[in-house]
Amino acid sequence: MQIKHVDESQLESDLEARYAYLAEFMNFTAEDVKAIHATVAKLAPLVPGIVERTYERLLSYDATARHFLPRQHGYDGPVPQSLQSLTERNEQIQFRKEHLTRYLMSLMGRAYDAKMVAYLDMVGKMHTPKAGNKEIVVPLVQMNALLGLMSDVLIETLAEIGLPPDEFLLTLRAFNKLLWIQNDLINRHYQAEERPAASNA
């Protein structure tokens, strides 16, 4: 078997090259994107429920809820003053729910082009001091917990919409690959300061 050469330094400096490598390695293909897009009619109406379940969990732990106290980037309304006053009805929480809703709808509706890759990358960057409100620094463990929760809720929701078995498996695998790519595009912003020089030997 011939071994394919990978320019590892390019993976660290070129976002599109990194995405292309991840997609190729995981076999995230146009067929997977098509399967994800095909869910929009059945899955989109259920997105509010996914968002509500996600935020119910986020607000039930102080380690995650505390990140909703500082003012979120782009939000100009009142902010909660304490964890005790933080509820799902807070305007800032509603603002964040709208962001998560748009994110999920983007996964199902946008072309997976350079703009989409940049968007997925910004999802990770926004939770670090490198973008958004620099006072909001979400630890990586909480980002991993969030993505794991969303993956589980998404799998459960997909199982409930009545896809034929073959289509369900294809769609499940497609979303799974996508979320692993998203996971990398989150992790990379946390590891940038610690990463050793890549070797292409």
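Residues numbered from 1 in each chain as written. Predicted model: local features only at pLDDT ≥ 70, side-chain atom pairs only at ≥ 80, totals over all residues. Heavy atoms only, no water.

Asks: Got a minute to help me understand the pattern of salt bridges in this structure?
Replies: Any two side chains of opposite charge can pair, given that their charged atoms come close. Applying the stated criterion across every chain yields a total of eight salt bridges. Glu 24 is the partner of Lys 4 in a salt bridge, and the nearest nitrogen-oxygen pair spans 2.5 Å. In this pair, Lys 4 is assigned in the segment before helix 1 (8-13) and Glu 24 in helix 2 (residues 15-26), connecting sequence segments 20 residues apart. As a salt-bridge pair, Asp 184 and Arg 18 come within 2.7 Å of each other at their nearest N and O atoms. Pair noted here: Asp 184 is in helix 10 (residues 165-191) and Arg 18 is in helix 2, with a separation of 166 residues, a long-range link. Linked by salt bridges that have partners in common, Glu 12, Arg 18 and Asp 184 make up one network. (Salt bridge = Lys/Arg side-chain N within 4 Å of Asp/Glu carboxyl O. Helix = DSSP H or I, 4+ residues; strand = E, 2+ residues; numbered from the N terminus.)

Asks: I keep staring at helix 8 (residues 114-125) and nothing clicks. Help me out?
Replies: Quick reminder: α-helices carry 3.6 residues per turn. Residues three or four places apart thus point the same way. Along its twelve residues, helix 8 runs 16 Å from first to last C-alpha, staying within 8% of the 16 Å computed at 1.5 Å per residue. Burial in helix 8 covers these residues: Met 116, Val 117, Leu 120, Asp 121, Val 123 and Gly 124. One face of helix 8 carries all of its buried residues, which in axial projection span an arc of 145°. Each element contacted by the buried residues of helix 8 is listed here: helix 2, helix 7 (91-109) and helix 10. A side-chain oxygen of the first residue of helix 8 lies 3.2 Å from the backbone nitrogen of Lys 115; this N-cap is Asp 113. (Expected span 1.5 Å × (residues − 1). Buried < 20%, exposed > 50% of the residue type's maximum accessible area, 1.4 Å probe, protein only. Arc of directions from axis to C-beta. Contact = heavy atoms within 4.5 Å. Polar contact = N/O pair within 3.5 Å; in protein donor to acceptor, adjacent residues only side chain to side chain.)

Asks: I'm lost on the packing of helix 3 (residues 30-37) against helix 10 in this one. Help?
Replies: When two helices pack together, their arrangement is given by the angle between the helix axes and by the axis-to-axis distance. For the pair helix 3 and helix 10, interaxial distance at closest approach is 9 Å and the crossing angle is 105°. One finds that helix 3 runs roughly perpendicular with respect to helix 10. Between helix 3 and helix 10, the residues in contact are Glu 31, Asp 32, Ala 35 and Ile 36 and Leu 170, Thr 171, Ala 174, Phe 175, Lys 177 and Leu 178, respectively. Class assignment for the residues of the contact of helix 3 with helix 10 results in six nonpolar, one polar and three charged. (Axes fitted to C-alpha atoms, helices over the stretch in contact; angles between N-to-C directions. Parallel < 35°, antiparallel > 145°, perpendicular 65-115°, else oblique. Nonpolar A, V, L, I, M, F, W, Y, C, P; charged D, E, K, R; others polar.)

Asks: Looking at this structure, how should I read the packing of aromatic side chains?
Replies: The description of an aromatic ring pair uses the distance of the two centres, along with the angle that the planes make with each other. Tallied over the entire structure, the rule returns four aromatic pairs. For the ring pair Phe 28 and Tyr 112, a centre distance of 5.9 Å and an interplane angle of 70° mean the geometry is edge-to-face. Of the two residues, Phe 28 sits in the loop between helix 2 and helix 3 while Tyr 112 sits in the loop between helix 7 and helix 8, which places them 84 residues apart along the sequence. For the pair Phe 28 and Tyr 112, one class covers both residues: buried. On the numbers, 6.3 Å between centres and 35° between planes, the contact of Tyr 103 with Tyr 119 is tilted. Within this pair, whereas Tyr 103 is found in helix 7, its partner Tyr 119 is found in helix 8, the two being separated by 16 residues in sequence. Lying over the aromatic face of Tyr 119, Arg 110 brings its terminal NZ or CZ to 4.8 Å of the ring centre. (Phe/Tyr/Trp six-rings, centres within 6.5 Å; stacked < 30°, edge-to-face > 60°. Lys NZ or Arg CZ within 6 Å of the ring centre and 35° of its normal.)

Asks: When you look at the environment of Pro 80 in this model, what are you seeing that I'm missing?
Replies: Within the element layout of this structure, Pro 80 appears in the loop between helix 6 (62-65) and helix 7. Distance from Pro 80 to Leu 58, taken between C-alpha atoms, is 15 Å for residues 22 residues apart in sequence.

Asks: What am I meant to see in the nonpolar core here?
Replies: Among soluble globular proteins, nonpolar side chains are generally buried collectively. Grouped together as the largest cluster of nonpolar side chains are 49 residues, with contacts concentrated most on Phe 28, Tyr 103, Leu 104, Leu 107 and Tyr 112. Breaking this core down by element, the ones donating at least two residues are helix 2, helix 3, helix 5 (47-58), helix 7, helix 8, helix 9 (140-160) and helix 10. Leave out the neighbours within four places in its chain, and Tyr 103 touches Tyr 119, Leu 120, Val 123, Met 150 and Gln 182. (Core = buried A, V, L, I, M, F, W, Y, C linked by side-chain atoms within 4.5 Å.)

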